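Architecture at a glance
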Amino acid sequence: MLHTPVLIVGGSLVGLSASLFLAWRGVPHIVVEKHPGSSPHPRAMGYTETTLEHYRMVGIDDRIPQTPQEFRLRRVTVASLASEWQAEHAWTPGDAEQHNSGLSPNTGAAIAQDKLEPILREAALEFGADLRYCTELLEFEDHGNCIVARLLDRKSGQEYAINADYLIAADGADSTVRESLGIAREGVGHLRMVRSVLFTCPEADQYLALGAQQFEIKQENFSAFLTTYNDSRWLLMFVDDIERSEDELRVAIRKVLGRDMSFDIIATGRWEMAGRIATQYRHGRVFLAGDAAHQLPPTRGGFGANTGIDDVWNLAWKLHRVLEGTSDSSLLDTYDAERRPIGWLRHQQTFSRPDYAKWVDSDFKAVPLFSNEAIELGQLVRSSAVIGAGPDLPCAASPIDWVGQPGTRAPHIWLTTSAGDTISSLDLFGTDFVLFAGTQNWQETADKLKLRLILIGRDIHFSEPDTFTAAFGISPQGAVLIRPDGIIAWRCNKVAEDGGTDELKVAFAQVTAS
Ligand SMILES: Cc1cc2nc3c(=O)[nH]c(=O)nc-3n(C[C@H](O)[C@H](O)[C@H](O)COP(=O)(O)OP(=O)(O)OC[C@H]3O[C@@H](n4cnc5c(N)ncnc54)[C@H](O)[C@@H]3O)c2cc1C
């Protein structure tokens with residue numbers, strides 16, 4: 001029987017990202033996708049700095065057109081696209097909407113899902129991924145020591161079995177993998193069905209010059225929502241669940257455009273607005289990722305696909321270490337421990353915001369809103385793979401306030417290498433654990449642990465002498481351990497020879513489960 005270390009079910013955004021991150025790490029795997037390619041209905045459009053940082057670490061961010069520094073996603077109320085703006089609505093009321101504020105080396109991206117997926121696909125293939133389209137997972141069994149899956153080649157009609165060490169279920173909100181494992185979901189549940197029509201209208205693009213990309217359409221006896229994929233494709237979403245004929249769709253499109261413009265209908269869609277988080281992200285050798293783990297409606301914070309891409313970024317390095325034998329399989333338990341609370345954080349933040357608060361019933365308890373920066377760049381993860389992230393800490397905060405808190409993303413700082421190149425601190429992470437330290441005394445222990453030491457003043461240089469201590473909240477003699485996913489695992493204020501290296505050995509063994 002064919003064997004693969006990892007079988008990924010689903011070749012959409014999250015499955016392809018998982019494939020890319022594993023392939024880049026040299027982990028052999030197979031992706032099965034039942035369709036011949038990307039869905040013709042693009043869906044996601046907004047990608048966050050964090051997502052672009054992950055793609056940066058695997059070296060493909062420059063293939064994805066990124067938004068200019070000054071870009072802001074703006075939503076306005078109008079009678080029609082061609083009419084005056086009546087009001088503007090912030091995603092996070094009271095927040096300065098200060099995106100691209102220098103906290104990341106990347107800006108976000110505004111690219112339609114069906115254009116991003118081919119970029120990911122090509123990159124994954126370059127790194128050696130085995131992608132099988134028109135291939136459906138029919139059923140699988142977790143035998144405790146391996147997964148046995150039965151696949152159908154939908155082109156030839158041939159069925160075959162495959163044996164895998166682990167399975168990633170990136171098979172979407174209706175995940176049959178999740179269903180077959182009997183994993184329940186919790187959350188606000190079903191809210192409503194949304195019908196949409198996708199059309200091209202190059203003439204309408206001129207209205208984007210005014211600065212808004214999303215339009216709440218309010219007319220007497222007619223409300224709808226209009227948004228763009230920035231490539232002359234526009235999406236009109238209705239507030240009801242009524243099936244419309246082509247003529248009726250054309251009438252509605254004319255109404256929202258507000259003046260005579262030529263357009264062509266491409267496709268119609270119907271999707272469920274819902275909030276559901278799986279009660280477990282890991283079951284034996286199976287990991288749920290993306291919409292299979294957390295179904296959330298499209299948000300202006302990018303809480304859908306971006307959360308799923310972040311899931312598999314978190315999982316890929318753990319699978320890599322366990323499969324190469326440098327970590328115990330218990331490291332994989334930290335996936336659920338770290339990612340499920342993030343799913344809940346985003347669920348609660350979505351339905352507490354005005355965009356969605358109107359759709360949830362009174363049983364839902366709204367929570368205080370975090371700033372966009374806190375959600376995007378200041379989430380905290382807690383598990384045995386982090387030391388010093390206690391329950392007293394908030395689940396998100398501004399990255400500026402965290403100052404090196406273990407469990408948060410290591411800050412982006414521009415620095416100079418010994419070769420004189422200017423890079424982001426994030427460019428030093430990705431492949432393996434890294435120890436940042438201010439003194440050479442950490443070297444011997446780092447070598448024994450086969451840990452890459454980056455010595456401030458020798459390997460890298462900051463423009464200000466106290467940048468390292470200020471950014472990571474430690475003394476000049478201290479050290480910081482960064483995980484391959486760029487999360488701070490541990491930090492130490494002690495001098496190396498005065499207990500620091502002993503602490504490092506214990507910490508490294510714990511966070512790597514080795
Ligand atoms: C209108 C709209 C706009 C959105 N905008 C955004 C946005 O701007 N930003 C954002 O972050 N998110 C957005 N989202 C959400 C985003 O599209 C989803 O979160 C994302 O597509 C989830 O990706 P996924 O790979 O987890 O699942 P899916 O995209 O649902 O993919 C699952 C894949 O698994 C395959 N599959 C299923 N079962 C099997 C099987 N048995 N065998 C083989 N293959 C199988 C399916 O064919 C499918 O290709 C939006 C969603 C909608 C509806």
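Quick look at the structure, then. (Residues numbered from 1 in each chain as written. Predicted model: local features only at pLDDT ≥ 70, side-chain atom pairs only at ≥ 80, totals over all residues. Heavy atoms only, no water.)

1. Concerning the environment of Thr417
Let me state the cut-off plainly: Secondary structure elements are defined from DSSP: runs of H or I of at least 4 residues count as helices, runs of E of at least 2 residues count as strands, and each element is numbered from the N terminus. Two residues form a contact once any of their heavy atoms are found within 4.5 Å.
One can find Thr417 in strand S19 (residues 414-417). In this structure, the C-alpha to C-alpha distance between Thr417 and Trp402, residues 15 residues apart in sequence, is 25 Å. If we skip the residues at most four places from it in the chain, Thr417 touches Ile423, Asp459, Ile460 and His461.

2. So, the packing of helix H1 (residues 13-24) against helix H3 (residues 113-126)
To keep it simple, the criterion reads: To get an axis, fit a line to the C-alpha atoms, keeping to the stretch in contact for a helix; angles then go from 0 to 180 degrees between the N-to-C directions. In this scheme, roughly parallel covers angles under 35 degrees and roughly antiparallel covers those over 145, while 65 to 115 is roughly perpendicular and the rest are oblique. Take the far helix as the reference: if the near one is turned anticlockwise from it by less than a right angle, the crossing is left-handed, and if turned clockwise, right-handed. Nonpolar residues are Ala, Val, Leu, Ile, Met, Phe, Trp, Tyr, Cys and Pro. Charged residues are Asp, Glu, Lys and Arg, and all others, Gly as well, are polar.
In the contact formed by H1 and H3, the axes pass within 9 Å of each other and the chain directions differ by 25°. It follows from the interaxial angle that H1 and H3 lie roughly parallel. Handedness of the H1/H3 crossing: left-handed. From H1, Leu13, Leu16, Ser17, Ser19, Leu20 and Ala23 reach across to H3, where they touch Gln113, Leu116, Glu117, Leu120, Arg121, Ala123 and Ala124. For the contact of H1 with H3, the class distribution of residues is eight nonpolar, three polar and two charged.

3. Side note on the packing of aromatic side chains
Applicable threshold: Pairing of aromatic side chains here covers Phe, Tyr and the six-membered ring of Trp, requires ring centres within 6.5 Å, and sorts the geometry by plane angle: under 30 degrees stacked, over 60 edge-to-face, intermediate tilted. Buried residues are those whose accessible area, probed at 1.4 Å on protein chains only, stays under 20% of the maximum for their type, while exposed residues exceed 50% and partly exposed ones sit between those limits.
As enumerated under the stated definition, the model contains 17 aromatic pairs in all. With a centroid separation of 6.1 Å and 45° between ring planes, the pair formed by Tyr281 and Tyr335 is classed as tilted. Placement of the pair is Tyr281 in the loop between strand S15 (264-278) and strand S16 (282-283) and Tyr335 in helix H7 (residues 333-351), with a sequence separation of 54 residues. Of the two residues examined, Tyr281 and Tyr335, each falls in the buried class.

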